[in-house]
Amino acid sequence: MSVQSQPAIAEYTYPRGWFMVARGNELEAATPLPLTFFGRKFVAYRTAAGEPVVLDGTCPHLGAAIGVGGTVDDDGVRCPFHHWRFGPDGRCNDIPYSKIIPPRARVNSYPVRELNGNIFLWNDPEMGAPDYELPDMAEYRDPNWVKWSLVRKDIKTVPKEIVDNIADKAHFPFVHGAAIAEFKNEFVGHTAKQYAMNLHETLAAEPGGGLPSYATYHGPAYLLTFLDGPYPAWMLICHTPINTEHVAVWYGTMVKCEGEMTAEFLDVAANYVELGKVAFYQDVQIWENKDPAPQPLLCAGDGPILQARAWYSQFFRPRDSDAQQVAAE
Ligand code: FES
Ligand SMILES: [Fe+2]
């Protein structure tokens, strides 16, 4: 079959992967947390043993939002409207006024991970099992590191714009006021890496010195960056689409204390977190106001933006789409 006559492989609206949906401390024992992502409702809660659970948030009975006014009951969550209870597997396991539970009384239950203080959901239009894992950070449990506490900001953009940034070599001096001495990308499987030597005046070890940064996307929505400066730091940015026009973005930084954790050091750490946040919000201002550029006009000196987009597109295609493509040829 010729290239022209190949059937187009439909892309998903939202990518497959792990997505941050809440900080761990937002899940209280007795109260479910209503969430909206990927254009639909979810409900999150903890079981009696403290395990996080995320279910579809729309009740199959009469459509109430389970998370809004619902209650956590034992290992399940009760809908506020007629008190049907759904277990961690998504099945309705109690209707207070009926002994018979309709077999279709169930909602989807999603794979969930609680990692380094945050809750992640596996979004998958094929409803398959996770095909990669996010990194567990030993630093989060190390008393010599000031832990991150991620801050959420909802912005008007699409995640594609945010992901372009991993390869956008040319914007650093203009948006962030930092020249770049070296810059390299590598795209391998579900990871996209960026190495940059920032000539950053405030974060470098010495005036005029360089600050190496190593950023890695683990899947489409989890960007972890190591800043190898005088105070080693891990910066985390997670972004989850709320709908087709808005994205929830979380930002946080952990900083290592080499000696005693003094008040002075805590000031330094707070300053680090603040500087990273300022740099990140500089990008946000561009994203919120730019138009999509599906066919950008690139020139020498721009980073490999098209390569980054090709890497990102893998999360929008069915797993066997490459095999389908080969079979069609
Ligand atoms: S709508 Fe949820 S129990 Fe009736
Ligand atoms: Fe940027």
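Small disclaimer: the values here were computed from a predicted structure and weren't measured. (Residues numbered from 1 in each chain as written. Chains lettered and ligands numbered in written order. Predicted model: local features only at pLDDT ≥ 70, side-chain atom pairs only at ≥ 80, totals over all residues. Heavy atoms only, no water.)

Asker: What is the right way to look at the nonpolar core in this model?
Answerer: Counting 39 residues, the largest nonpolar core has Phe37, Phe42, Phe120, Trp148, Trp234 and Cys238 as the members making the most contacts within it. Contributing elements (two or more residues each) for this core: strand 1 (17–23), strand 2 (33–37), strand 3 (40–46), strand 10 (112–115), strand 11 (118–123), strand 17 (222–227), strand 18 (233–241) and strand 19 (246–256). Element by element, the count of residues in this core is highest for strand 1, at five residues. With residues near it in sequence (within four places) discarded, Trp148 still touches Asn116, Asn118, Met137, Tyr140, Leu224, Trp234, Leu236, Gly252, Thr253 and Met254. (Core = buried A, V, L, I, M, F, W, Y, C linked by side-chain atoms within 4.5 Å. Buried < 20%, exposed > 50% of the residue type's maximum accessible area, 1.4 Å probe, protein only. Helix = DSSP H or I, 4+ residues; strand = E, 2+ residues; numbered from the N terminus. Contact = heavy atoms within 4.5 Å.)

Asker: Got a minute to help me understand the domain arrangement of the protein chain in this structure?
Answerer: Buried accessible area, meaning the area lost when the parts come together, often serves as the stated size of an interface. Each assigned domain of the protein chain is listed here: domain 1 (17–123) and domain 2 (138–313). If you average the C-alpha positions of domain 1 and of domain 2, the two centres end up 32 Å apart. The interface of domain 1 with domain 2 comprises 15 residues on the first partner and 18 residues on the second. A buried area of about 1,300 Å², summed over both sides, lies between domain 1 and domain 2, and 63% of it is on carbon and sulfur atoms. Three residues stand out in domain 1 for area buried against domain 2, namely Met20, Phe37 and Asn116, and they jointly supply 41% of the buried area on that side. The tally of links from domain 1 across to domain 2 stands at zero salt bridges. Between domain 1 and domain 2 we count six residue pairs in polar contact (both at pLDDT 80 or more) in total. At the level of elements, strand 1, strand 2 and strand 11 are the ones that each hand at least two residues to the side of domain 1 that touches domain 2. Ranked by residues supplied to the side of domain 1 that touches domain 2, first place goes to strand 1 with seven residues. (Domains from an automatic or database assignment. Buried area = accessible area lost by both parts, 1.4 Å probe. Salt bridge = Lys/Arg side-chain N within 4 Å of Asp/Glu carboxyl O. Polar contact = N/O pair within 3.5 Å; in protein donor to acceptor, adjacent residues only side chain to side chain.)

Asker: Would you explain helix 3 (residues 263–289) in this entry?
Answerer: An α-helix turns once every 3.6 residues. As a result, residues three or four positions apart point the same way. Given a rise of 1.5 Å per residue, 27 residues ought to cover 39 Å, and the 39 Å separating the end C-alpha atoms of helix 3 matches this to within 8%. Along helix 3, the residues classified as buried are Phe265, Ala269, Tyr272, Gly276, Lys277, Phe280, Asp283, Val284 and Trp287. (Expected span 1.5 Å × (residues − 1).)

Asker: What's the story with the pairing of strand 14 (residues 179–188) in this structure? I'm lost.
Answerer: Where strand 14 lies against strand 15 (residues 191–199), nine bridges are found, and the strand directions are antiparallel. In the sheet register, Val188 faces strand 15, and the bridge partner there is Thr191. Between strand 14 and strand 15, which follow one another and run antiparallel, lie two residues, and Gly189 among them has a positive phi close to 55 degrees. (Pairing = 2+ DSSP bridges.)

Asker: What am I meant to see in the pattern of salt bridges here?
Answerer: Think of it this way: side chains of opposite charge can pair up when their charged atoms draw near. Going through the model one piece at a time under the given rule, you end up with 15 salt bridges. The salt bridge involving Arg16 is made with Glu126; its shortest N-O contact spans 3.1 Å. Here Arg16, found in the segment before strand 1, pairs with Glu126, found in the loop between strand 11 and strand 12 (145–146); they are 110 residues apart in sequence, far enough to count as distant. Of the residues examined, Glu126 reaches a relative accessible area of 35% and is grouped as partly exposed. Residues Asp136 and Arg141 are paired through a salt bridge, measuring 2.9 Å at the closest nitrogen-oxygen approach.

Asker: Would you explain the sheet that holds strand 9 (residues 109–110) in this entry?
Answerer: Consider a sheet: its strands pair through backbone hydrogen bonds, and that pairing is either parallel or antiparallel. Taken in spatial order, the four strands of this open sheet run 2-3-4-9, and their pairing is antiparallel. The outermost strands of the open sheet, each flanked by one partner alone, are strand 2 and strand 9. Sheet topology note: the strand 4 (residues 52–56)/strand 9 ladder contains two bridges and is antiparallel. Paired with Leu55 across the bridge in strand 9 is Ser109.

Asker: What is the right way to look at unusual backbone geometry in this model?
Answerer: Residues other than glycine predominantly adopt negative phi, and peptide bonds predominantly adopt the trans conformation. Its identity is not glycine, yet Phe38 carries a phi of approximately 50 degrees, on the positive side. Within the secondary structure, Phe38 is located in the loop between strand 2 and strand 3. In this structure, Asp74 is a non-glycine residue whose phi angle is positive, near 55 degrees. Take Asp74: it is sitting in the loop between strand 5 (71–73) and strand 6 (76–78).

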